[in-house]
Amino acid sequence: MKDTPLSNCERDFLLKAIEEKKRLDGRQTYDYRKIKITFGTDYGCCFVDLGKTRVMAQVSCELVAPKENRPNEGIMFFNIELSPMASPAFEQGRQSELSVKLNRQLERCLRNSKCIDTESLCVVSGEKVWQIRVDVHMLNHDGNLMDAASIAAITALCHFRRPDVGIQGDEVTVYSPEERDPIPLSIYHMPISVSFSFFQQGTYLLVDPCEREERVMDGLLMIAMNKHREICSIQSSGGIMLLKDQVMRCSKIASVKVSEITELISKALDNDKKARKAGGRCGFAESIPQERITALKADETPVEMMDVTDRANDIVQKAEAPPQTVPSPVVPTPGVGQVGQGLQNTWGVEEEEENDNSGEEQEEIKTQMKEKKDESRGGDVVEISDSEEEEVVILHPEAPDKLPKNTGSGSHQKGAATTKKRQKK
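Structural notes, computed from the coordinates. (Residues numbered from 1 in each chain as written. Predicted model: local features only at pLDDT ≥ 70, side-chain atom pairs only at ≥ 80, totals over all residues. Heavy atoms only, no water.)

Topic: the overall build of the chain
Put simply, the rule is: Secondary structure elements are taken from DSSP: a helix is a run of H or I of four residues or more, a strand is a run of E of two residues or more, and numbering for both begins at the N terminus. Categorising residues by exposure relies on relative accessible area from a 1.4 Å probe, with only protein chains included: less than 20% of the type maximum marks a residue as buried, more than 50% marks it as exposed, and the intermediate range marks it as partly exposed. Working definition of accessibility: Shrake-Rupley area with a 1.4 Å probe, residue cover restricted to the visible protein chains.
Helix and strand counts for the chain come out as eight helices and 16 strands. In the chain, which comprises 425 residues, the proportion classed as buried is 33%. For the chain, the exposed surface amounts to about 28800 Å²; the carbon and sulfur share of it is 50%.

Here it is in structure tokens:
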């Protein structure tokens, strides 16, 4: 997925603000955003917040065979992962041009500057050496990824501790942290990258550009330097030509910024070391207040328990009487139960009058019920069915001579049903 391009209005607004020496977040031209350094629970895990840009660096190690041309030196490996979580412009599983550029710049900044003593990583010459791997994950992208990655990587390397190793003959024993204290890496200096963005063919200069400022810039200059004012690497990108005075000016600004960031890293390492030595909370547990670990925890509320019985009685007396029970259903005819018919409507809406067809159906049902009742009085049970094949079914047939003389309409229907049935047969 590609970045959403800026509109012409946004581009003109940003360039006009830079001409007036104003920035979106209120910073001055040479100001850095707020830098926050935190550590994880394990050694070698570091989080760096550069404004809204968030980066995590994790250092790990393993015993491997050395390179043939350098049998007495350890191996340094760097990997920068641009996760789609940081920005929708990053794609998973594909190395973009930006990731390759950041990887090369980080290797020049840390490995080629010889900031770590790689010979101290040798265990057995020509057989076993330590391979130090630095994985940098971008958690949120808001511009200036290179500076945040370099700060996180060098801080994680300073914070990392490798296991102690014992050699007896040809056997190499790696001790756990419980058996022997881990050993820190031998670091000579701390190179830190400082980025400068140029606008309008180098007329205007900004330090620590944010993501929107990077979109409208014409060129970028990255200078990696340590606190001793030694330039470790320098790289320029973009279609602009820089003068010697501009590069010297940027190097002077970078020396001031690097000394401030180095002091901040040293303070963060000292605070973490003191917290771990004192046995206090450190790493991720330090950032979580105790009262906010569970979301269901609530403060206790005092409740008065005096005169509870009297208050309950007063509430019961003042309460409204319960509603009356619903009367029994209306039974219009013996043997038939109807629920709701004839009762008062409780919805406050008058019931609609039924259709004429429904009234006729009710009259037919009443007529049938009356005929059933007359037949039961006469001693015969007759049911009237709506079936097309048999309209009348006789449940208790009797001989014609035993029928009573005055059978009424019931005997007439019975004889008609018998005759109809014989005709069908």
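Brief notes about the nonpolar core
Quick reminder of the rule: Here the nonpolar core consists of buried residues drawn from Ala, Val, Leu, Ile, Met, Phe, Trp, Tyr and Cys, with membership extended through side-chain atoms lying within 4.5 Å. Two residues qualify as a contact provided that any one of their heavy atoms is within 4.5 Å of a heavy atom in the partner residue.
Counting residues in hydrophobic clusters, the biggest one holds 66 residues, and the most contacted among them are V136, M138 and F196. If we skip the residues at most four places from it in the chain, M138 touches R54, V55, I80, E81, L82, S83, A86, L102, L145 and A149. Counting residues in each nonpolar core, the second largest holds six residues, with L6, L14, I18 and L206 among its members.

Details of the packing of aromatic side chains
Heads up, the rule is: What counts as a ring pair is set by centres within 6.5 Å for rings of Phe, Tyr and Trp (its six-membered ring), and what kind of pair is set by the plane angle: stacked under 30 degrees, edge-to-face over 60, tilted for all other angles. To sit over a ring, a charge needs its Lys NZ or Arg CZ within 6 Å of the ring centre and within 35 degrees of the ring normal.
What the rule picks out here adds up to zero aromatic pairs. We note R180 situated over the ring of Y175; from NZ or CZ to the ring centre the distance is 3.9 Å. Against the face of Y43 rests R276, its NZ or CZ located 4.8 Å from the ring centre.

Thoughts on the pairing of strand 2 (residues 45-50)
Short version of the rule: Two strands pair under a simple rule: DSSP has to find at least two bridges between them.
With six of six residues buried, strand 2 lies mostly within the body of the structure. Here strand 2 shows two buried faces, one formed by C45, F47 and D49 and the other by C46, V48 and L50. Pairing analysis gives five bridges linking strand 1 (residues 35-39) to strand 2, with the strands arranged antiparallel. By the bridge assignment for strand 2, F39 is matched with C46. In this structure, the hairpin formed by strand 1 and strand 2 is closed by a connection of five residues, where G44 is found at a positive phi of approximately 90°. Here strand 2 pairs with strand 3 (residues 53-64) via six bridges, running antiparallel. Bridging from a neighbouring strand, L50 pairs with T53 of strand 3. Adjacent in sequence and paired antiparallel, strand 2 and strand 3 are bridged by two residues, among which G51 carries a positive phi angle near 65°.

Observations regarding the packing of helix 2 (residues 97-110) against helix 3 (residues 145-159)
To describe two helices that pack against each other, one gives the angle between their axes and the distance between the axes. Our working definition: A fitted line through C-alpha atoms serves as each axis, taken over the contacting stretch for helices, and the angle formed by two N-to-C directions is quoted from 0 to 180°. Angles are sorted into four bins: roughly parallel if under 35 degrees, roughly antiparallel if over 145, roughly perpendicular if 65 to 115, and oblique for all others. Crossings are sorted by hand: turned counterclockwise from the far helix by less than a right angle, the near helix makes the crossing left-handed, and turned clockwise it makes it right-handed. Each residue gets one label: Ala, Val, Leu, Ile, Met, Phe, Trp, Tyr, Cys and Pro are nonpolar, Asp, Glu, Lys and Arg are charged, and the others, such as Gly, are polar.
Look at helix 2 against helix 3: their axes get within 10 Å of each other, and the N-to-C directions meet at 45°. Here helix 3 runs oblique to helix 2, going by the angle between their axes. As for how helix 2 packs across helix 3, the hand of that crossing is right-handed. Between helix 2 and helix 3, the residues in contact are L98, L102, Q105, L106 and L110 and L145, M146, A149, S150, A153, I154 and L157, respectively. Each residue belonging to the contact of helix 2 with helix 3 can be placed in one class, and the counts come to ten nonpolar, two polar and no charged.

Digging into the side chain of N103
Looking at the secondary structure, you find N103 in helix 2. For N103, a relative accessible area of 9% translates into the label buried. Not counting residues within four places of it along the chain, the set of residues in contact with N103 comprises F78, N79, I80 and Q95.

Regarding the pairing of strand 3
Pairing of strand 3 with strand 6 (residues 128-140) involves eleven bridges; the strand directions are antiparallel. Counted as the bridge partner of C61 is I132 from strand 6.

Some thoughts on the pattern of salt bridges
For the record, the criterion: Basic side-chain nitrogens of Lys or Arg form a salt bridge, by our definition, when they fall within 4 Å of a carboxyl oxygen of Asp or Glu.
For the structure on display, the rule yields 15 salt bridges. Among the salt bridges present, the one from R33 reaches D142, with a minimum N-O distance of 3.5 Å. Pair noted here: R33 is in the loop between helix 1 (8-19) and strand 1 and D142 is in the loop between strand 6 and helix 3, with a separation of 109 residues, a long-range link. Among the residues examined, R33 registers a relative accessible area of 8% and is labelled buried. Residue K267 pairs with E263 through a salt bridge whose shortest N-O separation is 3.9 Å. Note that K267 and E263 are positioned in helix 5 (residues 244-278) at a spacing of four residues, about one turn of the helix. Among the residues examined, E263 registers a relative accessible area of 45% and is labelled partly exposed. Each member of the salt-bridge network shares a partner with another, and the members are D25, R27, R33, D142 and D208.

Topic: the sheet that holds strand 11 (residues 192-199)
Taken together, the four strands give an open sheet; going across it, the order is 12-11-13-14, and neighbouring strands pair in antiparallel fashion. Whereas interior strands pair on both sides, the edge strands pair on one side only; in this sheet they are strand 12 (204-207) and strand 14 (231-238). Averaged over all adjacent pairs, the angle separating strand axes in this sheet is 20°, with direction ignored. When strand 13 (residues 219-225) meets strand 14, the two strands line up antiparallel, connected through seven bridges. The partner of A224 across the bridge, within strand 14, is S233. Contacts from helix 5 reach strand 11, strand 12, strand 13 and strand 14, with the element oriented near 140° to strand 11.

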